[in-house]
Amino acid sequence: MSVIETSAGPTTDSQVRRERFAGVLQGYGAAIVLVILVVVGSVSFPTFFSLNNFTNIATQSSFPLIVAVGMTFVILTGGIDLSVGSVFALGGVLAAYGSSLGVWGALLLPLLVCGAIGLLQGLLVAYAKMAPFIVTLAGLLAVRGLVLAITAGGSNTPLVKDATFSAIGQGGVFGIHWTVIVAIAAVAVGTVVLTRTRGGQAIFAVGGSESASTFMGLPVARVKLTVYIVSGLCAGLAGALNASYSSSGVPTVGVGLELSAISAVVIGGTLLVGGRGSLVGTLAGVLLLSVIQNMINQVGSLSSSVQSVVSGVFLAIVVVIQTVLSRTQRL
Amino acid sequence: MTEQTVTITLPKRGATLMVLQKYGVYIAIIVLLLYNLVFTPNFFQIGNFRTQFVQMVPVLIVALGMALVIGTEGIDLSVGGVMALAAAVIPLYIGYGLIPVVIIAVVVGGLVGVINGSLVAFVGVQPIVATLSLMVAGRGIALLIANEQLKSVIDPNLLAIGRGSVLGVPYSVIIAVVLVLIIALLVNRTTFGKQLIAIGGSRRAAELSGLPVKRILLLVYLLSAVLASIAGIIGTARLGASVPSTLGNLIELSAITAVVVGGTPLTGGQVKVAGTVAGALLLQFISATLNQHNVPDAFSQITQAVIILFAVYIQRGRAAVR
């Protein structure tokens, strides 16, 4: 849209300042709001500001965060992955089944299958040139169908049978769950890949302008293929960890997870049109949604549907602000 | 704005593709009917067809609105939330009689459409995020209104919409047919329809040629929400209860599928009303066929996914030709 327009006329100092301010707000808006919310929460609720509550929030956030990391990769290329909720459930069920083969079975089986699903979707998007929205929508349906098929219509909840695998989801160091550490590691590794490697730069380039990337000789199709595999792997891993955490692969988990993952990514300042964003923003976005949920729980008397109203309205506000900001920024 | 006829010589494979693109959904329906004629006992009975038609009404009505939105190169994920919202307000006002309650439900649902449309048209938010936020918030508000409870609705007039019929034709089917005709007229015979398609073809060109792009977009999202509200009312009437927690859940997926399978490209610029009806019919027949042969839910979901992919794969060629 306005991205390719160059600002007409002389650029004044105040204009530059305004654009820079807009850029900062877009990149760090979620982090700023997060800090404000934590302060507000600490003042309003006596039980909010405690180590116990914070580790709780961290653990709850770790699963959606891993999913959102994969989603960020996809959205940066201008795509979208609606299948993550179903893949999350599949990862959990497969991990529980695989745990009868030991810890490696519990980890490798979901990663292999979910990676393969990502590969399939990536092939359809990158090489068959089908709309990501539709391909992953079909993925959402088909994978959920697959989950139901291998759990006798969802009535069968396989239990985790391997002690080492259970320890991954339930244990930790210094009171921090391993899942939190895995999630932080995913953000860190992802950030390095995105900002310090050629592949990462190619992802931004493809999202910025696909045709320009093609002319520059970038392997556009391969880049796209890769991000869907990454997203499949992330969702599968998160599902497996969730199974380990809850000792079972529940076939009905992850419904609507794609929505919260997309919300978190967008709130974190990654543009849905692709080409701009960061995993640190996504981290802030996921934490923000978790903190909101936590605060609603702190009130106690509010029903869970308040949560969806708040997140929906919040997402709308953020997107409006972002749209206005990216207009100001006229890069 | 008048469509120019461009003659393109296509290789033979291209010709088959064109036929599939144009008539694929109709061919599929015929094949499915023939299959059922041979292999499914009791399929070809008026009672069965009546059930099929009644069952497809909500999806069809929602798909009509979705077709308009997709025609402008947009998407509306909030339709399920709108249905829930319409259902949630019904028990509150049913005491005032049928007409007032229908008006209130449509107005409340339509409000969501106005918000969607404003976000897309005036603020410039991408349709998928704008409607995503209202999909989440809409159902949340519906649940808040209903206090997260299921309420039975026993107004005889409302129940008649869902269960009554005249000369053997259910009222809900009549409503759907009327709506199909209205939307078909709107798309094919009015300036509004032409303008909508022009926006989907190229929003920039439509703006430059002086079309009231923003107003049209607003109206399109409003229409989609109004249609979804009507679907919500009919759904509630059929169940005899207001169930905001599940009514219209995932209906956006079925509606989008019906539209795309019916030949309306996701890239906008075309609206196929007849195709959309055929798409909804095909989905209904597929699930009925799988159902009557006791295929588990899991596999019917997978089948639906494969059909979506196949339909879009075929449509993909059309966008390239266009």
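A few words on the overall build of chain A. Across its full length, chain A holds 13 helices and 2 strands. By the compact-globule yardstick of 20 Å for 331 residues, chain A fits well, its C-alpha radius of gyration being 20 Å. Considering only C-alpha atoms, chain A reaches an extent of 70 × 55 × 35 Å along its principal axes. Put simply, of all contacts in chain A between residues at least 6 apart along the chain, 79% involve residues at least 24 apart.

Turning our attention to the overall build of chain B. The secondary structure content of chain B amounts to 13 helices and 4 strands. For a compact globule of 322 residues, the expected C-alpha radius of gyration is about 20 Å, and chain B comes in at 20 Å, within 12% of that figure. Each of the 322 residues in chain B was classed as buried or not, and the buried ones make up 50%. Here the contacts in chain B between residues at least 6 apart in sequence split such that 78% fall between residues at least 24 apart.

Buried accessible area, meaning the area lost when the parts come together, often serves as the stated size of an interface. With 34 residues of chain B at the contact, the number on the chain A side is 34 residues. Of all the secondary structure elements, the ones that give two or more residues to the side of chain B that touches chain A are α4 (98-123), α5 (127-145), α11 (251-261) and α13 (297-321) of chain B. A per-class count over the side of chain B that touches chain A returns 24 nonpolar, 6 polar and 4 charged.

Residues and elements named next belong to chain B. Phi at Leu167 takes a positive value of approximately 55°, unusual for a residue other than glycine. Looking at the element boundaries, Leu167 is found in the loop between β2 (165-166) and β3 (169-170). Look at Leu167 and you get exposed, because 5 C-beta atoms sit within 10 Å.

In terms of nonpolar packing, the biggest core is built from 202 residues, with Val67 of chain A together with Val62 and Ala63 of chain B touching the most fellow members. The element best represented in this core is helix α10 (residues 213-239) of chain B, accounting for 17 residues.

Residues and elements named next belong to chain B. Two numbers describe how helix α2 (residues 46-71) lies on α10: the axes approach to 8 Å, and their chain directions differ by 175°. In terms of orientation, α2 lies roughly antiparallel with respect to α10. Here Val57, Pro58, Ile61, Val62, Leu64, Gly65, Met66, Leu68 and Val69 of α2 come into contact with α10, specifically with Val220, Tyr221, Leu223, Ser224, Leu227, Ala228, Ile230, Ala231, Ile234 and Gly235.

This paragraph deals with helix α12 (residues 279-299) of chain A. Counted at 1.5 Å a residue, the expected span for α12 of chain A with its 21 residues is 30 Å, and the 30 Å between its end C-alpha atoms agrees. Backbone geometry just after α12 of chain A places Gly300 of chain A at a positive phi near 85°.

Across chain A, the average pLDDT comes to 85, with 95% of residues at 70 or higher. Across residues 1-8 of chain A, confidence stays below pLDDT 50; counting only partners more than four residues off in sequence or on other chains, it has 5 contacts.

Definitions and limits used
Every residue gets a number counted from 1 within its own chain, in the order that chain's sequence is written. Chain labels run from A onward and ligand labels from 1 onward, assigned in the order the entries are written. Per-residue local features of the predicted model are confined to residues with pLDDT of at least 70, and side-chain atom pairs are confined, for both listing and counting, to 80 or more; whole-chain, interface and lining totals are unaffected and use all residues. Numbering goes from the N terminus for both helices and strands, where a helix is a DSSP run of H or I of at least four residues and a strand is a run of E of at least two. The globule rule used here is 2.2 Å times the number of residues to the 0.38 power, and the radius of gyration it is set against is calculated over C-alpha atoms. Throughout, a pair of residues is in contact if the C-beta atoms placed from their backbones lie within 7 Å. Neighbour density around each residue's C-beta defines its exposure: 20 or more other C-beta atoms within 10 Å make it buried, 12 or fewer make it exposed, and counts between make it partly exposed, where C-beta atoms are placed from the backbone. Gly counts as polar in this scheme, as do all residues outside two lists: the nonpolar Ala, Val, Leu, Ile, Met, Phe, Trp, Tyr, Cys and Pro, and the charged Asp, Glu, Lys and Arg. In this description, a nonpolar core means buried residues of the types Ala, Val, Leu, Ile, Met, Phe, Trp, Tyr and Cys, linked to one another by C-beta atoms lying within 7 Å. Angular values range over 0 to 180 degrees, each being the angle between N-to-C directions of two axes fitted as lines to C-alpha atoms, with helices fitted over their stretch in contact. Reported orientations rely on four angle classes, namely roughly parallel under 35 degrees, roughly antiparallel over 145, roughly perpendicular from 65 to 115, and oblique for the rest. Multiplying one less than the number of residues by 1.5 Å gives the expected span of a helix. For every residue, the predictor assigns a confidence score, pLDDT, that lies between 0 and 100.

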